[in-house]
Amino acid sequence: MMFSSRHPDTLKGLVDELGPLARVGTVAEAVEFGDVVMEAVPYTAMEQIGRDYGNTLAKKVLVIDVSNPIARRDGAGIVKWVDEHGGAGLATAKFLGAHTVRAFNAIGSAKLSTDAHRQGELVGVPIAGDDAHAMDIASSLIREMGFKPVVIGGLAMGKYLVPGTPLGGEHTADEIRQIATNLH
Ligand SMILES: NC(=O)c1ccc[n+]([C@@H]2O[C@H](COP(=O)([O-])OP(=O)(O)OC[C@H]3O[C@@H](n4cnc5c(N)ncnc54)[C@H](OP(=O)(O)O)[C@@H]3O)[C@@H](O)[C@H]2O)c1
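A quick note: this is a predicted structure, and the numbers were derived from the prediction, not measured.

Definitions and limits used
- Residues numbered from 1 in each chain as written.
- Predicted model: local features only at pLDDT ≥ 70, side-chain atom pairs only at ≥ 80, totals over all residues.
- Heavy atoms only, no water.
- Pairing = 2+ DSSP bridges.
- Helix = DSSP H or I, 4+ residues; strand = E, 2+ residues; numbered from the N terminus.
- Axes fitted to C-alpha atoms, helices over the stretch in contact; angles between N-to-C directions.
- Buried < 20%, exposed > 50% of the residue type's maximum accessible area, 1.4 Å probe, protein only.
- Core = buried A, V, L, I, M, F, W, Y, C linked by side-chain atoms within 4.5 Å.
- Contact = heavy atoms within 4.5 Å.

**Student:** Any chance you could break down the sheet that holds strand 6 (residues 124–129) for me, citing the residues and the numbers?
**Tutor:** With mixed pairing, five strands are arranged side by side in an open sheet as 3-4-5-6-7. Because the sheet does not close on itself, it has two edges, and the strands there are strand 3 (36–39) and strand 7 (148–153). Each adjacent strand pair in this sheet contributes to an overall mean axis angle of 30°, direction not counted. Pairing of strand 3 with strand 4 (residues 62–65) involves four bridges; the strand directions are parallel. Of the residues in strand 4, the one forming a bridge with Val-37 is Val-63.

**Student:** If you had to explain the environment of Ile-127 to someone new, which residues and values would you point to?
**Tutor:** With respect to the element layout, Ile-127 can be found in strand 6. Taking relative accessible area as the criterion, Ile-127 reaches 0% and is therefore assigned buried. A C-alpha to C-alpha distance of 5.0 Å links Ile-127 and Val-151, two positions 24 residues apart in sequence.

**Student:** Tell me what's going on with the environment of Leu-14, and back it up with residues and numbers.
**Tutor:** Looking at where Leu-14 falls in the secondary structure, it is placed in helix 1 (residues 12–18). Residues Leu-14 and Asp-115, spaced 101 residues apart in sequence, show a C-alpha to C-alpha distance of 20 Å.

**Student:** I'd love a proper account of the nonpolar core, names of residues and values included.
**Tutor:** Core analysis: the biggest nonpolar cluster contains 16 residues, and Val-101, Ala-103, Phe-104, Val-125, Ile-127, Ile-142 and Phe-147 have the highest contact counts within it. Those elements giving two or more residues to this core turn out to be strand 4, strand 6 and helix 8 (132–144). Ranked by residue count, the leading element in this core is helix 8, at four residues. Not counting residues within four places of it along the chain, the set of residues in contact with Ile-127 comprises Val-101, Arg-102, Ala-103, Met-135, Ser-139, Ile-142, Pro-149, Val-150, Val-151, Ile-152, Gly-153 and Leu-161. By size, the runner-up hydrophobic cluster in this structure holds 15 residues, among which are Met-46, Val-82, Ala-91 and Val-162.

In short, geometric facts, not functional conclusions.
So, in structure tokens, the structure goes:
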């Protein structure tokens, strides 16, 4: 697995802790590396990432989009643009390609390690995407990570996978299915 940011040197400590299979690279190297890319960046970076790496990302079997447009951080203009383009799922796919799947958008990162492989009922991860193969791979990876994937619909439903919607926070798979029946 390769980890990256615009300042990859700052990630060396993190990667050293993760063991020999973890590596650090530039953003360009990380985008080229492997068949699956997971991106978690401020939404303001999305346009530049799409411009510089969109062609390569479009050829990946799966791009997991963790990013959220948040007005107080990214500006009201971006949030308005995203809304006008069908919400976070469809908007992100314009930059990152058709194999985009939204996942892990509204679970706090600090909770992920204790939530993974939780005793009793697993924590559900609602996912939204339009490409069936990409959704299958995302589901397998989420199961391996110790969560239960729950398909809530296509990329148009990705607009509900942001903090502050009823799907935000931790829910079981059944709870996610129940909440999602009231969203469209
Ligand atoms: N934090 C959470 O609990 C959480 C949960 C779910 C979803 N999210 C979403 O995930 C995204 C990231 O959140 P965060 O809290 O991790 O933010 P963050 O702490 O600001 O981290 C953003 C990361 O993106 C990198 N980055 C920024 N611009 C970039 C660019 N143009 N190209 C490549 N990398 C870039 C930054 O590194 P450099 O500055 O070194 O490039 C940094 O590693 C947000 O959209 C957020 O809404 C966060």
